[in-house]
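Each chain, letter by letter, is given below.
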Amino acid sequence: MSAATATAVAPAPATRTGAEMIWEVLVQEGVEVVFGYPGGAIMPAYDALPRYPVRHVLVRHEQGAAHMADGYARASGKVGVAVATSGPGATNLVTGIATAMLDSVPVVFITGQVSSALLGSDAFQETDVTGVTLPITKHNWLVTRAEDIGPVLREAFAVAKSGRPGPVLVDITKDAQQASCAFDPADRRVARPPRPRPARGATADALARAVALIDRAERPLILAGHGIVAAGAAAELAAFVARTGVPVASTLLGLGGFPATDPRALGMMGMHGEAWVNRAVQDADLLIALGMRFDDRVTGNLATFAPRARKIHVDLDPSEIGKNVAVDVAIVDDVRQVLAALTPRCRPADRAAWMAAIEAGKGDSAVRDIQQLPDTGKLHAAHVLHDLWRLTEGRAVVVTDVGQHQMWEAQYYKHDHPRGLVTSGGLGTMGFALPAAIGARFARPDAEVWVVAGDGGFQMTAAELSTCAQEDLKVNIAIINNGYLGMVRQWQELFYGGRYVATPMRSPDFVKLAEAHGLTGLRVTRRADVAGAVAAARAAAGTVVIDFRVQAEDSVYPMVPSGADLGDMIRRPLKSRLIETGADDELTEEPPR
């Protein structure tokens with residue numbers, strides 16, 4: 001055989017349609033499930049879908065698809081994927097995209113677009129979705145050629161999960177999906193080479209200055225944010241705390257990054273954090289901020305925030321350093337790597353005196369513990385959340401909506417494990433919980449998943465109960481039903497003279513609503529019946545909705561009014577005056593919905 005004959009000839013690349021390439025790349029990226037809703041401009045992609053091992057979950061509204069992909073990503077640490085058509089399909093994703101953006105969640109959104117020849121002509125269901133979503137994505141792309149689909153989608157996944165994670169959007173014209181071109185599955189090139197990584201802040205000098213501050217501090221405090229969870233740094237944080245003895249306060253999205261049952265876990269800080277936690281922040285001589293961004297719900301009045309504390313800030317995003325709070329040592333790097341580098345350099349310490357001072361600061365606030373409250377026959381939301389924690393032994397993945405119930409969950413359900421709490425933080429999106437829990441269910445099929453939602457937010461996306469039924473999903477749903485838009489009503493009570501404008505809410509019969517979807521519905525009006533209902537829900541094969549009829553005018557305490565000093569907390573109901581500190585109209589801003 002001649003040398004020429006023996007030389008292997010490389011096979012020609014296979015031909016694929018643009019629609020097929022979408023699914024080829026998703027399979028290459030390890031995607032197993034997508035959440036979506038078909039329509040005209042994305043139909044070629046849907047027509048190709050049955051040829052690929054990707055499960056499609058048919059949602060009832062595209063916002064639900066966005067939240068499902070978001071919940072999937074938060075519960076798993078992987079990239080979520082949502083698919084929609086052009087025009088209203090794409091714009092219905094917007095709230096979910098913004099939710100993911102504010103909380104740094106990696107989601108790839110794929111939308112169909114009208115054919116490229118029609119772009120800019122106001123064609124049927126044409127919307128400039130890349131223009132609409134530019135401010136709420138890490139990046140987005142308009143793809144008009146089939147040969148660009150593979151490289152752009154691969155780049156989209158890389159952008160979504162690299163650095164500070166976040167959502168991206170790829171808008172693909174219908175003709176690009178229909179066209180064919182050569183496609184080599186082994187070719188993993190992206191559309192553009194990755195940008196150079198920014199200079200890292202974990203220099204020897206920065207680490208040395210941080211260690212010096214930590215070793216010298218008498219009243220140090222860790223502020224643990226979402227970055228601990230996102231970076232998978234829970235073990236490194238636990239090791240750092242074990243060596244240095246520094247207690248840990250958590251942001252809402254940081255809950256679970258450090259075990260709540262550890263004696264050095266203080267709980268949540270900020271607007272609805274415990275009074276003694278906020279007092280510890282204000283009394284600290286050193287704050288070690290890890291993967292958090294000093295947002296207003298954490299700091300209160302910036303001018304008076306932690307006035308005696310030096311500050312170390314570790315964050316992957318350099319734009320967060322110094323944005324709200326000036327710091328003494330800034331380290332721009334992965335928080336997991338920074339903790340691993342800091343721990344062996346710090347002196348071992350127990351800081352018993354500081355812990356004792358924090359403990360003494362609890363005073364009579366400990367009576368707020370639900371275990372100390374008598375059962376008067378009335379059902380309080382705090383009863384429900386505490387009992388749910390006790391009955392599930394703190395092991396469930398809890399997905400909350402936004403409002404009073406969200407804060408009660410943070411106060412009374414103790415999270416010991418990362419990714420055990422899925423909630424909308426930065427955007428505060430009502431309607432998030434049910435669809436996000438569906439996504440979490442697919443991400444964690446072996447986990448027990450509970451929705452905790454208010455009667456208001458639940459109704460925004462209640463149509464996704466049909467998704468639960470069609471997909472035969474097991475999700476347990478606790479509706480904290482107080483007949484009001486509770487958090488807004490609380491602000492009206494405190495700051496608007498008790499004028500309840502547009503907050504009393506009539507709801508459907510949630511038990512019958514569940515049954516109409518072919519699901520199980522239960523109702524609880526007494527604390528004595530909570531355990532039985534939770535047990536019945538856990539034992540049932542499919543999704544169960546429990547309507548907890550709780551006290552109507554219950555409020556979340558303590559509370560730092562918007563714009564107030566972190567130490568100026570309302571600790572009990574006040575009907576006769578605005579707040580204990582006598583604050584003026586500067587503190588009467590509208591709350592989020």
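Residues numbered from 1 in each chain as written. Predicted model: local features only at pLDDT ≥ 70, side-chain atom pairs only at ≥ 80, totals over all residues. Heavy atoms only, no water.

1. Topic: helix H4 (residues 62-76)
We count it as follows: Numbering goes from the N terminus for both helices and strands, where a helix is a DSSP run of H or I of at least four residues and a strand is a run of E of at least two. Expected helix span is taken as 1.5 Å per residue step, with the number of steps being one fewer than the number of residues. Here the term buried applies to any residue with accessible area under 20% of the maximum for its type, exposed to any over 50%, and partly exposed to those in between, with areas from a 1.4 Å probe on protein chains only.
Over its 15 residues, H4 runs 21 Å from end to end, which matches the ideal 21 Å to within 8%, given 1.5 Å per residue. Of all 15 residues that make up H4, 14 are buried, and the element is covered over most of its length. Just downstream of H4 lies glycine 77, where phi reads positive at about 85°.

2. Thoughts on the side chain of asparagine 476
Spelled out, the test is: Pairs of N or O atoms within 3.5 Å make up the polar contacts considered here, provided that, within protein, one atom can donate a hydrogen while the other can accept it, and that residues adjacent in sequence are counted only when both atoms are side-chain atoms. Any two residues having at least one pair of non-hydrogen atoms within 4.5 Å are treated as being in contact.
Note on placement: asparagine 476 falls in strand E18 (residues 476-481). Exposure remark for asparagine 476: the relative accessible area of 2% places this residue in the buried category. Polar contacts involving the side chain of asparagine 476 include one to the side chain of lysine 474, which spans 2.8 Å. Beyond its immediate stretch of four places on either side in the chain, asparagine 476 contacts Glu448, Val449, Trp450, Val451, Ala537, Arg538 and Val544.

3. Brief notes about the domain arrangement of the protein
As a reminder of what qualifies: Domain start and stop positions are those given by an automatic or database domain assignment. Should a side-chain nitrogen of Lys or Arg be within 4 Å of a carboxyl oxygen of Asp or Glu, the pair is scored as a salt bridge. Here the term charged refers only to Asp, Glu, Lys and Arg, the term nonpolar to Ala, Val, Leu, Ile, Met, Phe, Trp, Tyr, Cys and Pro, and the term polar to all other amino acids, Gly among them.
Here the domain parsing of the protein yields domain 1 (3-182), domain 2 (204-362) and domain 3 (370-581). Facing the 30 residues of domain 2 at the interface are 29 residues of domain 3. Taken together, the connections running from domain 2 to domain 3 amount to zero salt bridges. At the boundary of domain 2 and domain 3, one finds 10 residue pairs in polar contact (both at pLDDT 80 or more). Put simply, the parts of the chain that give the side of domain 2 that touches domain 3 at least two residues each are helix H11 (226-230), helix H13 (275-283) and helix H14 (296-299). Among the residues making up the side of domain 2 that touches domain 3, the classes are represented as 15 nonpolar, 11 polar and four charged.

4. Observations regarding the pairing of strand E20 (residues 544-549)
Selection criterion: What makes two strands pair is DSSP finding at least two bridges between them. Look down the strands so they point away from you; if going from the first strand over the helix to the second traces a clockwise path, that crossover is right-handed.
By the criterion of burial, E20 is predominantly enclosed, with five of the six residues buried. Both E18 and E20 contribute to a ladder of six bridges, which runs parallel. Of the residues in E20, the one forming a bridge with isoleucine 479 is aspartate 547. Examined bridge by bridge, strand E19 (residues 520-524) and E20 share five bridges and lie parallel to one another. Counterpart to valine 524 in the pairing with E20 is phenylalanine 548. Considered for its hand, the β-α-β crossover made up of E19, helix H24 (residues 530-539) and E20 is right-handed.

5. A look at the packing of helix H10 (residues 204-216) against helix H15 (residues 335-342)
Inclusion rule: What counts as an axis is a line fitted to C-alpha atoms, over the stretch in contact for a helix, and the angles between N-to-C directions run from 0 to 180 degrees. Each crossing gets its hand from how the near helix is turned against the far one by less than a right angle, where anticlockwise is left-handed and clockwise is right-handed.
Two elements in contact, H10 and H15, have axes separated by 11 Å at closest approach and are oriented at 65°. The interaxial crossing formed by H10 with H15 has right-handed handedness. Along the contact surface, H10 presents Leu207, Ala210 and Val211, while H15 presents Val338, Ala341 and Leu342. For the contact of H10 with H15, the class distribution of residues is six nonpolar, no polar and no charged.

6. A word on the sheet that holds E19
Strands pair in a sheet through their backbones, by hydrogen bonds, and they do so in one of two ways: parallel or antiparallel. Read across the open sheet, the six strands follow the order E16-E15-E17-E18-E20-E19; overall the sheet is parallel. Edge strands, defined here as strands with exactly one partner in the open sheet, are strand E16 (421-422) and E19. Two elements, strand E17 (residues 449-454) and E18, share five bridges in a ladder whose sense is parallel. Each bridged residue has a counterpart across the sheet, and for glycine 454 the counterpart in E18 is isoleucine 480. Contacting strand E15 (397-400), E16, E17 and E18, helix H18 (residues 404-412) runs over the sheet at an angle of about 150° to E15.

7. A look at the sheet that holds strand E7 (residues 168-173)
Sheet architecture is open: six strands sit in the order E3-E2-E4-E5-E7-E6, paired in parallel fashion. A single partner strand is all that each edge strand has here, and the edge strands are strand E3 (55-58) and strand E6 (139-143). Averaged over neighbouring strand pairs, the angle between their axes works out to 20° when direction is ignored. In this structure, strand E5 (residues 107-113) lies alongside E7, joined through six bridges in parallel fashion. By the bridge assignment for E7, isoleucine 110 is matched with valine 170.

8. Considering the nonpolar core
Generally speaking, a soluble globular protein has its nonpolar side chains buried in company with each other. The condition that has to hold: The nonpolar core is taken to be a set of buried Ala, Val, Leu, Ile, Met, Phe, Trp, Tyr and Cys residues, with the residues joined through side-chain atoms within 4.5 Å.
Formed by 52 residues in total, the largest nonpolar core has its most connected members in Phe35, Phe109, Val399, Phe442, Val451, Phe458 and Ile477. With eight residues, helix H19 (residues 433-443) is the single largest residue contributor to this core. Inspection of this core shows a minimum of three residues originating in each of domain 1 (3-182) and domain 3 (370-581). Other than its neighbours up to four places away in sequence, valine 451 contacts Val399, Ala433, Leu434, Ala437, Val475, Asn476, Ile477 and Ala478. Among the nonpolar cores identified, the runner-up in size contains 40 residues, and Ala396, Leu421, Ala537 and Met559 belong to it.

9. Examining the confidence of the model for the protein
Our working rule: Each residue gets a pLDDT score, which is the predictor's confidence in that residue and runs from 0 to 100.
Looking at the protein, pLDDT values average 92 and 91% of them are 70 or higher. Element-level mean pLDDT values for the protein span from 41 in helix H1 (residues 3-6) up to 99 in strand E4 (residues 80-84). Under a pLDDT of 50 for its full length, residues 1-7 has, in the predicted model, one contact with residues more than four places off or in other chains. Here residues 574-593 is a poorly scored stretch, pLDDT under 50, and it has 43 contacts once near neighbours within four places are set aside; other chains count.

10. Things to note about the pattern of salt bridges
Taken as a whole and assessed by the stated rule, the structure comprises 28 salt bridges. Glutamate 20 is the salt-bridge partner of arginine 51, the closest N and O atoms lying 3.2 Å from each other. Residue arginine 51 is found in the loop between helix H3 (43-48) and E3, and its partner glutamate 20 is found in helix H2 (residues 18-28); the two are separated by 31 residues along the sequence. The shortest N-O distance in the salt bridge between aspartate 387 and arginine 527 comes to 2.9 Å. In this pair, aspartate 387 sits in helix H17 (residues 381-392) while arginine 527 sits in the loop between E19 and H24, placing the two residues 140 residues apart along the sequence. Take aspartate 387 and arginine 527: they sit in the same class, and that class is buried. Members of the salt-bridge network, linked through shared partners, are Arg164, Asp317, Glu320 and Lys323.

11. Let's talk about unusual backbone geometry
Cis geometry is adopted by the peptide bond preceding proline 558, which originates at tyrosine 557 and carries an omega value of -5°. Looking at the element boundaries, proline 558 is found in the segment after E20. Located in the positive-phi region is glutamine 125, a residue other than glycine, with phi close to 60°. Inspection of the secondary structure assignment puts glutamine 125 in the loop between E5 and helix H7 (129-133).

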